[in-house]
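# Descriptive analysis of the structure
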Amino acid sequence: MVASSDKRYMTPHMTPQEYLEWEERQDTKYEYVNGEVYAMTGGTIPHTTIALNLASALKSHLRGRGCRAFMADAKVGVSENGPFHYPDVMVSCDERDRQAIKFIQYPCLIVEVLSPSTEAYDRGGKFYQYRRIQTLKEYVLIDAEKISVECFRLNNTGFWELHPYEEGDEVHLTSVDFHFPISLVYEDVQFPR
């Protein structure tokens, strides 16, 4: 799912609580940033396939380990007051998220599948917001138009390092100790011509 600045929903400035209550009554999902809400639009078939492939593999890998994988319908809160986003895939291993109803607050892994309309925001503003989540260890960007996975990993000194993966590589997500061939996320994906 994709939130785009040109899809801003014209509402009065909302508090985080007003947003959470208002969104429950909507037919469409909305992200919340600085008091404004942005409509979520559907992604492409490759976008959806990539997210499903990774989420399915993560669910199997995490079974019995006390962690849970989530897809685009699960909201993450950078804090209790937002911003609130809908990552394509995320994982929480934190006990505090076990009873979560409205949003996940303590993920260790967040994944966004890139789309042309939101790539700059996913790399910039959204990543800036996600880095405020103290439990986040990895932020992964997956290209939906070519085979490319970029894993930003928090190192021991508190800096985010880029670990790029290309066709033929084995990806390692250290936050959940998961090794897999990059081809796993691109299974059944037809790239645009």
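This is a predicted model, so every value here is computed, not measured.

### Concerning the overall build of the protein
- Tallying secondary structure elements over the protein gives four helices and 13 strands in all.
- Taken over the C-alpha atoms alone, the protein extends approximately 50 × 40 × 30 Å along its principal axes.
- In the protein, which comprises 193 residues, the proportion classed as buried is 51%.
- Summarising the internal contacts of the protein: among those between residues at least 6 apart in sequence, 55% fall at separations of at least 24.
- Within the structure as shown, the protein displays about 10,100 Å² of accessible surface, and the carbon and sulfur contribution to it stands at 48%.

### Thoughts on the confidence of the model for the protein
- Of the residues in the protein, 94% have a pLDDT of 70 or more, and the chain-wide mean is 93.
- For the stretch residues 1–7, pLDDT sits under 50, and the model shows 26 contacts to residues farther than four places along the chain or on other chains.

### Quick word on the environment of serine 92
- Structurally, serine 92 can be placed in strand β7 (residues 89–92).
- Residues contacting serine 92, with those up to four places away along its chain left out, are Gly66, Cys67, Arg68, Phe70, Asp97, Ile104, Tyr106, Pro107 and Cys108.
- There is a polar contact of 3.3 Å between the side chain of serine 92 and the backbone nitrogen of aspartate 94.

### Description of the pairing of strand β11 (residues 160–166)
- Pairing geometry for strand β10 (residues 148–154) and β11, over seven bridges, is antiparallel. By the bridge assignment for β11, phenylalanine 152 is matched with leucine 162.
- Linking β10 back to β11 in an antiparallel pair, the connection comprises five residues, with glycine 158 at a positive phi of about 90°.

Definitions and limits used
- In every chain, residue numbers begin from 1 and rise along the written sequence.
- Side-chain atom pairs in this predicted model are given and counted only at pLDDT of 80 or more, local residue features only at pLDDT of at least 70, and totals for whole chains, interfaces and linings cover all residues.
- In computing side-chain values, all of the structure's heavy atoms are included and hydrogens and water are not.
- Think of it this way: any DSSP run of H or I at least four residues long counts as a helix, any run of E at least two long counts as a strand, and we number them from the N terminus.
- Only protein chains enter the area calculation, which uses a 1.4 Å probe; residues under 20% of their type maximum are buried, those over 50% are exposed, and those in between are partly exposed.
- Between two residues, a contact is recorded if the distance between any of their heavy atoms is within 4.5 Å.
- In short, Shrake-Rupley with a 1.4 Å probe defines the accessible areas, and a residue's cover is counted only from the protein chains shown.
- For every residue, the predictor reports its confidence as pLDDT, a number between 0 and 100.
- Pairs of N or O atoms are called polar contacts if they sit within 3.5 Å, as long as, within protein, a hydrogen donor faces a hydrogen acceptor (for residues adjacent in sequence, only side-chain-to-side-chain pairs).
- The pairing criterion is simple: DSSP has to find at least two bridges between the two strands.

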